[in-house]
Amino acid sequence: QVRLVESGGGLVQAGGSLRVSCAASGTLFSINAMGWYRQAPGKQRELVAGITSGGSTNYADSVQGRFTISRDNAKNTVYLQMNSLKPEDTADYYCRVVIKYGSLEYDYWGQGTQVTVSS
């Protein structure tokens with residue numbers, strides 16, 4: 001079984017910064033891609049940022065240049081550093097981890113951490 005534990009969300013004023021973390025534990029074998037998604041009230045879940053096992057990253061246009069995704073493979077942890085936060089960044093943030101077991105891959109999701117940006 002795999003468990004993802006997120007932390008670091010909270011309330012911040014516009015222009016401020018937050019860092020959210022997601023630590024994976026359990027039977028991990030080989031972790032491939034890791035990523036952060038968010039879902040605002042009344043909206044669909046959307047990709048914020050992703051990072052491959054090789055360290056390649058991709059970002060949503062709305063966060064490019066403000067957010068940075070990184071991973072610590074020794075700790076099985078993915079981070080999202082969020083700078084210059086805007087009220088429209090307010091959402092529940094979820095981490096997603098893709099784990100490879102032989103020829104099969106499985107998705108795992110965290111429970112979500114709330115980020116609120118006040119204007």
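Parameters and conventions
- Residues numbered from 1 in each chain as written.
- Predicted model: local features only at pLDDT ≥ 70, side-chain atom pairs only at ≥ 80, totals over all residues.
- Heavy atoms only, no water.
- Helix = DSSP H or I, 4+ residues; strand = E, 2+ residues; numbered from the N terminus.
- Rg over C-alpha atoms; globule rule 2.2 N^0.38 Å.
- Buried < 20%, exposed > 50% of the residue type's maximum accessible area, 1.4 Å probe, protein only.
- Areas by Shrake-Rupley, 256 points an atom, 1.4 Å probe, with all protein chains shown as cover.
- Lys, Arg positive; Asp, Glu negative; His and termini not counted.
- Charge placed at Lys NZ, Arg CZ, Asp CG, Glu CD.
- Salt bridge = Lys/Arg side-chain N within 4 Å of Asp/Glu carboxyl O.
- Pairing = 2+ DSSP bridges.
- Axes fitted to C-alpha atoms, helices over the stretch in contact; angles between N-to-C directions.

A. Looking closely at the overall build of the protein. Tallying secondary structure elements over the protein gives zero helices and eleven strands in all. Helices (α) and strands (β) of the protein occur, in sequence order from the N terminus, as β-β-β-β-β-β-β-β-β-β-β. On C-alpha atoms alone, the protein measures out to a radius of gyration of 14 Å, which is about the 14 Å that the 2.2 N^0.38 rule sets for 119 residues. Expressed along its principal axes, the backbone C-alpha trace of the protein runs to roughly 45 × 25 × 25 Å. In the protein, which comprises 119 residues, the proportion classed as buried is 41%. If you sum the accessible surface of the protein, you get close to 6,300 Å²; carbon and sulfur atoms cover 46% of it. Here the protein contributes 11 positive and 9 negative side-chain charges, whose respective centroids are spaced 4 Å apart.

B. Spatial organisation of the pattern of salt bridges. Tallying each qualifying case throughout the model produces four salt bridges. Notably, a salt bridge pairs Arg38 with Glu46, separated by 2.7 Å at the nearest N-O pair. Overall, the relative accessible area of 6% leaves Arg38 in the buried class. When the shortest N-O distance is used, the salt bridge between Asp89 and Arg38 registers 2.9 Å.

C. Fine view of the sheet that holds strand β7 (residues 67-72). Reading across from one edge, β1-β3-β8-β7 is the order of the four strands in this open sheet, with antiparallel pairing throughout. Among the strands making up the open sheet, the edge pair consists of β1 (2-7) and β7. Recorded for the sheet is a direction-independent mean angle of 15° between the axes of neighbouring strands. Relative to strand β8 (residues 77-82), β7 runs antiparallel, the two being bridged by six bridges. Bridging across to β8, Thr68 finds its partner in Gln81.

D. Structural context of the pairing of β8. Summarising burial for β8: five of the six residues are buried, a large majority. Across six bridges, the pairing between strand β3 (residues 18-26) and β8 is antiparallel. Paired with Arg19 across the bridge in β8 is Gln81. Hairpin connection of β7 to β8: four residues between the antiparallel strands, including Asn76 at a positive phi of 50°.

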